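Reading the structure
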Amino acid sequence: MEYLGEIAAQSGEAGIDISFVYDRTKDKRNIRSGQELLSLLAEIDVESSDDAPLRKVVWDVLNGYLVEYKRWGILKRLNSPVQAPKPLNLIVVTDGCTEDREDVEAALIRAARELPRLDIPEFHVGVEFLQIGDDEQGTKWLRFLDDRLLGTYGIRDVRILPAVAMLSVLTA
């Protein structure tokens, strides 16, 4: 969680947005401090939550960004003075034990294929899976997802951080 706190603290005025699979009422935008983020995370009780569709949240965030970028492209072609969307770094905090693994993979592939079509700059969109806990099956799935996305679909590679499995899908 320290990792997320550091990201929030370094985000400046833009802040970070956070969405929860288990309780979307806790979603919050423009978090600007590590303490604010950690306080919000402390309110979440994932132990008492049922398995939720991870794909839905992943796709909602990625698709929302793609729609925003598409809108910007249209306005830019019309010579409208609008700023390009800021880069997106989606950090998915999970134990890796979701029931909709194939759907998560499909959502990532679908979004990755849209990036070149929309002329989104290289490394403008990133997705990281931060594994909490030490579930062996969850770790295996995240590693499998990494290998499959890179090997089968050519989606950029990942990094695995010591003690915490982290999957970074940086798309071109």
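Right, let's walk through the structure included here. (Residues numbered from 1 in each chain as written. Predicted model: local features only at pLDDT ≥ 70, side-chain atom pairs only at ≥ 80, totals over all residues. Heavy atoms only, no water.)

The helix and strand tally for the chain stands at 5 helices and 5 strands. The secondary structure elements of the chain, listed N-terminal to C-terminal, are α-β-β-α-α-β-α-β-α-β. Across the 172 residues in the chain, those meeting the buried criterion constitute 39%. The contacts in the chain between residues at least 6 apart in sequence include a share of 66% that link residues at least 24 apart. (Helix = DSSP H or I, 4+ residues; strand = E, 2+ residues; numbered from the N terminus. Buried < 20%, exposed > 50% of the residue type's maximum accessible area, 1.4 Å probe, protein only. Contact = heavy atoms within 4.5 Å.)

Turning to the packing of aromatic side chains, a few remarks are in order. A complete count under the given rule lists 3 aromatic pairs for this structure. On the basis of an interplanar angle of 80° and a centroid distance of 6.2 Å, the ring pair of F129 and W141 is categorised as edge-to-face. One end of the pair, F129, is in strand β4 (residues 125–131); the other, W141, is in helix α5 (residues 136–153), and 12 residues separate them in sequence. There is no split in this pair, since F129 and W141 are both buried. Aromatic ring contacts, followed pair by pair, group Y65, Y69 and W72 into a single cluster. (Phe/Tyr/Trp six-rings, centres within 6.5 Å; stacked < 30°, edge-to-face > 60°.)

β4 sits mainly inside the fold: 7 of its 7 residues count as buried. Alternating positions in β4 separate into two faces, V125, V127, F129 and Q131 on one and G126, E128 and L130 on the other, with burial throughout. Relative to β4, strand β3 (residues 88–94) runs parallel, the two being bridged by 7 bridges. Among the inter-strand pairings, T94 is bridged to a residue of β4, identified as Q131. A crossover connection joins β3 to the parallel β4 through helix α4 (residues 101–117); in handedness this β-α-β unit is right-handed. (Pairing = 2+ DSSP bridges. Right-handed = clockwise from strand over helix to strand, strands pointing away.)

Take the nonpolar core next. Within the largest apolar cluster, 28 residues are counted, with the highest numbers of intra-cluster contacts made by L62, L108, I120 and F129. Listed in part, the 8 residues of the second largest apolar core include I16, I31, L40 and L41. (Core = buried A, V, L, I, M, F, W, Y, C linked by side-chain atoms within 4.5 Å.)

What follows deals with a negative patch on the surface. Judged by side-chain charge, D95, D134, D135 and E136 come together as a negatively charged surface patch. With respect to the helices and strands, D95 occurs in the loop between β3 and α4. Among the residues examined, D95 registers a relative accessible area of 32% and is labelled partly exposed. (Patch = residues over 30% accessible without salt bridge, like charges linked within 9 Å, V, L, I, M, F, W, Y side chains within 5 Å. Areas by Shrake-Rupley, 256 points an atom, 1.4 Å probe, with all protein chains shown as cover. Salt bridge = Lys/Arg side-chain N within 4 Å of Asp/Glu carboxyl O. Lys, Arg positive; Asp, Glu negative; His and termini not counted. Charge placed at Lys NZ, Arg CZ, Asp CG, Glu CD.)

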